[in-house]
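Residues per chain, in single letters:
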Amino acid sequence: EAGVAQSPRYKIIEKRQSVAFWCNPISGHATLYWYQQILGQGPKLLIQFQNNGVVDDSQLPKDRFSAERLKGVDSTLKIQPAKLEDSAVYLCASSLDRLGLTQYFGPGTRLLVL
Amino acid sequence: GENVEQHPSTLSVQEGDSAVIKCTYSDSASNYFPWYKQELGKGPQLIIDIRSNVGEKKDQRIAVTLNKTAKHFSLHITETQPEDSAVYFCAAPLLSGGGADGLTFGKGTHLIIQP
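(A) Representation of the pattern of salt bridges in the model. The tally for this structure, following the rule as stated, stands at six salt bridges over all chains. Put simply, Arg64 of chain A and Asp86 of chain A hold a salt bridge, and the shortest N to O gap is 2.5 Å. Placement of Arg64 of chain A in the loop between strand E6 (53-56) and strand E7 (65-68) and of Asp86 of chain A in the loop between strand E8 (75-79) and strand E9 (88-95) is noted, with a sequence separation of 22 residues between them. Neither residue differs from the other here; Arg64 of chain A and Asp86 of chain A are each classed as buried. Its salt-bridge partner being Glu39 of chain B, residue Lys37 of chain B comes within 3.9 Å of it at the nearest N-O pair.

Here you go:
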C-alpha cells in the first residue's frame, strides 16, 4: 500500500512571497490533516478535513494560511504572504476515518523563508 | 484542549539496555495515546498506541503503559539497538468529546543508542 505523498520535499522562498504544498493521502482515507513542525518541536495541527469538509481549523492562522480538499482526495496548503516564522516542516497525515484514530504521516515539505 | 508534557528531552543509553520515555496529559477524558518515531528527514511513524480501556500493550521490544489515575503514559524499549536512535513523540487527542481528532504532541525525546 502506497503511503502519504507530499510535494515538493523542499522549498526556499523570501518573506512576503507565496507558497503551496500538495498532499495525496493513502487511498481510501477519508480524513486528512496538515501539521506544522518547527525545528525541535512536535507537530502542531493546523487543519483537519473529513472528505472535503473542514472539521477543525482552530489553529490555522487564517490571515495568511489557507487549505482546500476540493474532491475529497488531494489537498493543498497555501501560505500568502510568508513570514520568517513560517520556516518549518509541513506534514500531511491521513486516517481511514474519524473513528480510526491511527494517523499515517507523509515525509513532509521542508520550508525555509529568508 | 489537551496538553502533553514529555520527558526527558534527550536520553542516551548503552546498546542492549532499556529506555523509558514518560508523558503526562491534562484532559482526563483523553482516550487514545500513540507513540511516534521520527528519523532525520522523515515523517513521524506510528510505533505503538494504547487506548484508555487497557493499562499496558506490548509489541516485541516495545511496550506502552498507561496510568489513567495519574494521567501519564510511558514508552519502554528493551534490548535497544542502533536503529532505535531517533526522536520519539508521544501524543493525545487535541480535543476530547469527539468533536475532532487531530493530535497534540509532546516536544519529543532524542534517543541516542551508544555502541
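(B) Up close: unusual backbone geometry. The omega torsion across Gln80 of chain A and Pro81 of chain A is -5°, close enough to zero to call that bond cis. If you trace the backbone, Pro81 of chain A turns up in the loop between E8 and E9. The peptide bond linking His7 of chain B to Pro8 of chain B adopts the cis configuration, its omega dihedral lying at -5°. Secondary-structure assignment places Pro8 of chain B in the loop between strand E1 (4-7) and strand E2 (10-14). A positive phi angle is found at Lys71 of chain B, which is not glycine, with a value near 60°. Position of Lys71 of chain B relative to the elements: it lies in the loop between strand E7 (62-67) and strand E8 (72-77). Positioned with a positive phi, Glu79 of chain B is a non-glycine residue whose angle comes to about 45°. Within the secondary structure, Glu79 of chain B sits in the loop between E8 and strand E9 (86-93).

Reading the values: the criteria
Residues numbered from 1 in each chain as written. Chains lettered and ligands numbered in written order. Predicted model: local features only at pLDDT ≥ 70, side-chain atom pairs only at ≥ 80, totals over all residues. Heavy atoms only, no water. Salt bridge = Lys/Arg side-chain N within 4 Å of Asp/Glu carboxyl O. Helix = DSSP H or I, 4+ residues; strand = E, 2+ residues; numbered from the N terminus. Buried < 20%, exposed > 50% of the residue type's maximum accessible area, 1.4 Å probe, protein only.

Scope: geometric values only; no functional claims are made or implied.
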